Structures are given as C-alpha cells and as structure tokens.
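# Residue-level structure breakdown
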Amino acid sequence: MRHFSVLLGSFIAIALLAGCGGTSSTATRLPATSTSAPTTAPTANAPATSAPTTAARPTATLPTAAATGDPASPKIALKLISDALNGPVYVTEASDGSGRLFVVEKRGRIMLLRGGAPAQTPFLDISDRVGSSGSEQGLFSVAFHPQFARNGRLFVDYTDRDGDTVISRFQASGDSADPASEVVLLHIPQPYPNHNGGLVLFGPDGYLYIGMGDGGSAGDPQGNGQNRTALLGKLLRLDVDHGDPYAIPPDNPWPSGGDARPEVWAYGLRNPWRFSFDRATGDLYIADVGQGNYEEIEVQRAASTAGQNYGWNMMEGNHCYARSSCDQGAFVAPVAEYDHGFGCSITGGYVYRGAAFPALQGFYFYGDYCSGLMWALRETAPGQWAQHEVLQSKLHISSFGEDQAGELYLTDLGGGLYQVVEG
C-alpha cells in the first residue's frame, strides 16, 4: 500500500546544487520572492520572513493538519550564526565535546567555527584536487569517526577534477587536518556531471553510509537505480574500522556480492543529496531529489530489513515514471512527497532531538533549495504522517546539520549559516 503523501504544485526552472532534472515548464504558484537568495543577509538573531499566505495551493490533494491528527504546527525562525562563508553546503560536529562546528564549502574547504566565527585558517583545504566548476560538483560533506577524539579520523565525499566521486579518509590533529594524509576508499566514475549524491554519515551502528546519485543526465538513461551491480543510485554502507581500506558489514544485504555490489545497502534512488538518522529511534530519513515532477522522503525503520528498493527509475515519488502503469507494490513507498509548484529540489534535514526548543521535538525539518520553503513532518499514528509548511526562508537551502547537543542548523549556498530556533 502506498503511504500518505503530501502533494504540492508545478515546476520552476532554476540551476541548482542538488540535482533537479527534467525539462522546464512554467510555474505560476511559487511566491515571486522564492527564486533567488536575499541580496543581504538577515540581521543576526532576527527571525526569517514567515511563509506567504497569497501563494495558491492545490487544496484537493493537501490534507489539513487536523485531518491527519496533528493540529499543532511548530513555529520556527532562523538565527544567523555567520555570513562569512563561501558556498557552504554542509554543517556538522565532531562528537568530541569541543563544541566546534565544521562547515563544508563547495570549492574544497572545511571551515572550523567556534562561537559562530570561522577560523582564519581552514580546518582542511583540498581545493587543489576538488573539481567544483559544475553546479553539482565540489566538496560535499565530512563525517567524523565516532571515535574521532581518540583516532583523529574524518571522511569526505567530493568530485575530483575529472568529475568522478571520491570517498577519502584524512587524519586530523588539533584544529587542522592534513591534506597529505588522504587515503582513498572509493573512486566512482561519473558518466555525467549531475546527480552525484554527496553525503557521508556514520549511522548509530558505527558504519559509514554514502549517498550516491544515479549518475546524471535525465531519467537515469543507464538504468543505475535498479541495477544492483552498480554503485550509482544507491545508499552504500562500509565498515571503515576493518579491511584495507574498508570491509563489508556482514549484515549488508549482499555481503558476498553476486548479483549486487556488496557495498549496497539500499537502491532505487535518484539523488539522495541528504539523509539522516533519528537520534531517538535510529530510523533513517532519506530525501531523494526528484526528476521533473516530485520530490520525496523515504523512511527506513531501524528494525527493517536491508536491501530496500525505493523505486527509481520505475517510480518518481508515488507515481509511475515514464510509463502509464507499473507494479507499485514492488517498491518501498515514500512517506511524503511534494510537486514542483512548491520548489524543485528537496534538501533533507533531521528529526529535532535537541533540548533548547521542546515544541520542536519529534518533527523532521527539511526544505527546498529552489523556493526556500521549509516543512515539518512527523508520524501521528503508524503509517500516518502530518506535514506543516513552517517557513518561507528565501534562502538557497543547501543542507541541514546538527551540533553535538542535537540543535539544528542549516546552510545557505549564498554564504550563511543559520540555527533553526523556535519562532
């Protein structure tokens, strides 16, 4: 059975980081202010503009919050932390008790922040080997080893000067990582310059998860999403504490290979630019960037079986793609989707589990890169999801991230780092 979905409008043509494919069409329902970042950064501590009330919404397919059992909509604002960054695409922490934040810049640098101020010297600068000329190319993310305080290891995902994906390990000491310490774990050829995925993230099981797009172009012409022997269009899972340079976790779905690569954890993905684990439940939330019509969110339960197939390119969201009918029951359905009247490239976030803002507890916050809209989603009963539009940020939301305490942040590709706070 297909789960509850949130359906939202038509399409906006815009160049974007996270990989909207498909052909352009005219959009009339997006707010006029949503297609570009603000020319000046909001004042520090000032809340961002609330969502416009004049933009038309297709009411027939958008269940009200009350109808889905969740009448309370969280109120949020954005607090400016820094506007001194260059193309930030990710923010995270090192779980070492230092309180430091690390912001990844697309061109190949990781900046260290204490108290909101970036250090003058980058924590890591590998711009000499990062290819970032394409809108979907660059240094995308960093993941600090769960024992980083003891071993100093960090892992990154970037595209090289040839446009291929590189997953590497570096060694850090104090406030800097050594660019010469690089150990390449994976080098994955990319047939096109778009749909490169980009996130490396340690799960609660201690394994490294890697999001890989389908390889690009439009419509997955190489069929990578459904080809389990390809690393593209997948979520990969590696044991970086064993092997040389990694081992395969024994509970991966195809640990011995055969008709699938042993690194594969899940497949049928188009461009899982950002995903996250719920700190409280261990559930995995995957925000998959859509083709020409729909953006979607999958949830893989902590207790679910491995090897799930999320449908691309047979499905786009809850809909058969490029065919009049398909076997929808063969794929895991998204828990929510929206169409391109409300944006054109989903940026996945996190379930809020911080302590500073109790009213935000349990909501999964995410946004759209093109429109700047932000939503809050949560499960109100088994299999029933309620979604709330909570903010029109007017930002190019490139990523979300957490600090060690579970407080939530987002990056704006225009140069800003913000904290998500209660409004």
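It should be emphasised that the depicted structure is a prediction, and the values quoted were computed from it without experimental measurement. (Residues numbered from 1 in each chain as written. Predicted model: local features only at pLDDT ≥ 70, side-chain atom pairs only at ≥ 80, totals over all residues. Heavy atoms only, no water.)

### Section: the overall build of the chain
Within the chain, the secondary structure is distributed over one helix and 27 strands. By residue count, 60% of the 423 residues in the chain fall in the buried class. If you take every contact in the chain between residues at least 6 apart in sequence, the share linking residues at least 24 apart comes to 61%. Working note: accessible area of the chain is about 15200 Å², and carbon and sulfur atoms make up 49% of it. (Helix = DSSP H or I, 4+ residues; strand = E, 2+ residues; numbered from the N terminus. Buried < 20%, exposed > 50% of the residue type's maximum accessible area, 1.4 Å probe, protein only. Contact = heavy atoms within 4.5 Å. Areas by Shrake-Rupley, 256 points an atom, 1.4 Å probe, with all protein chains shown as cover.)

### Topic: the pattern of salt bridges
Counted under the stated rule, the structure contains 14 salt bridges. With a closest N to O distance of 2.7 Å, R228 and D259 form a salt bridge. Separated by 31 residues along the polypeptide, R228 in the loop between β12 (208-212) and β13 (234-238) and D259 in the loop between β13 and β14 (264-267) bring together distant segments of the chain. Connected through shared salt-bridge partners, D96, R100, R114 and D175 make up one network. (Salt bridge = Lys/Arg side-chain N within 4 Å of Asp/Glu carboxyl O.)

### What about the packing of aromatic side chains?
Given two aromatic rings, their pairing is described by the distance between the two centres and the angle made by the two planes. Within the structure shown, the criterion is met by 17 aromatic pairs. Here W312 and Y321 contribute two aromatic rings whose centre-to-centre distance is 4.7 Å and whose plane-to-plane angle is 50°, an arrangement assigned as tilted. Side by side, W312 and Y321 carry an identical accessibility label, which is buried. Through a chain of ring-to-ring contacts, three or more aromatic side chains come together here, namely Y285, Y338, Y364, Y366, W375 and W385. Taking NZ or CZ as reference, R274 lies 3.8 Å from the ring centre of W273, over its face. (Phe/Tyr/Trp six-rings, centres within 6.5 Å; stacked < 30°, edge-to-face > 60°. Lys NZ or Arg CZ within 6 Å of the ring centre and 35° of its normal.)

### With respect to the pairing of strand β4 (residues 109-114)
In terms of burial, β4 is largely enclosed, as five of its six residues are buried. Of the pairings in the sheet, the one linking strand β3 (residues 101-105) to β4 comprises five bridges and is antiparallel in character. By the bridge assignment, F102 is partnered in β4 with L112. Connecting the antiparallel pair β3 and β4 is a turn made up of three residues, with G108 showing a positive phi of about 130°. Relative to strand β6 (residues 124-125), β4 runs antiparallel, the two being bridged by two bridges. Each residue of the ladder has a partner; that of R109, found in β6, is D125. As judged from the two bridges shared by β4 and strand β5 (residues 117-118), these two strands associate in the antiparallel manner. Directly across from R114, in β5, lies its bridge partner A117. (Pairing = 2+ DSSP bridges.)

### Brief notes about the sheet that holds strand β25 (residues 397-402)
Taken in spatial order, the four strands of this open sheet run β1-β27-β26-β25, and their pairing is antiparallel. The strands lining the two open edges of the sheet, one partner per strand, are β1 (76-82) and β25. Neighbour-to-neighbour, the strand axes of this sheet turn through a mean angle of 30°, independent of strand direction. Looking at chain direction, β1 and strand β27 (residues 416-422) are connected through six bridges and run antiparallel. Pairing of I76 across the sheet is with E422, part of β27. (Axes fitted to C-alpha atoms, helices over the stretch in contact; angles between N-to-C directions.)

### Focus on the confidence of the model for the chain
When pLDDT is averaged across the chain, the result is 87; 83% of the residues are at 70 or more. Long-range and interchain partners of residues 1-16, a stretch whose pLDDT sits below 50, account for 90 contacts in this model, where long-range means more than four residues apart. Residue range residues 21-68 is modelled with pLDDT below 50. Its contacts to residues more than four positions away, or to other chains, number 96 contacts. (pLDDT = per-residue confidence, 0-100.)

### Re the environment of P179
In this fold, P179 is placed in strand β10 (residues 176-188). The residues touching P179, leaving out its near neighbours within four places in the chain, are L124, D125, I126, R129 and F170.

### Considerations on unusual backbone geometry
Going from D244 to P245, the amide bond is cis rather than trans, its omega being 10°. Residues W312 and N313 are joined by a peptide bond in cis, for which omega reads 10°. Mapping N313 onto the fold places it in the loop between β17 (294-300) and β18 (315-316). A positive phi angle is found at S217, which is not glycine, with a value near 60°.

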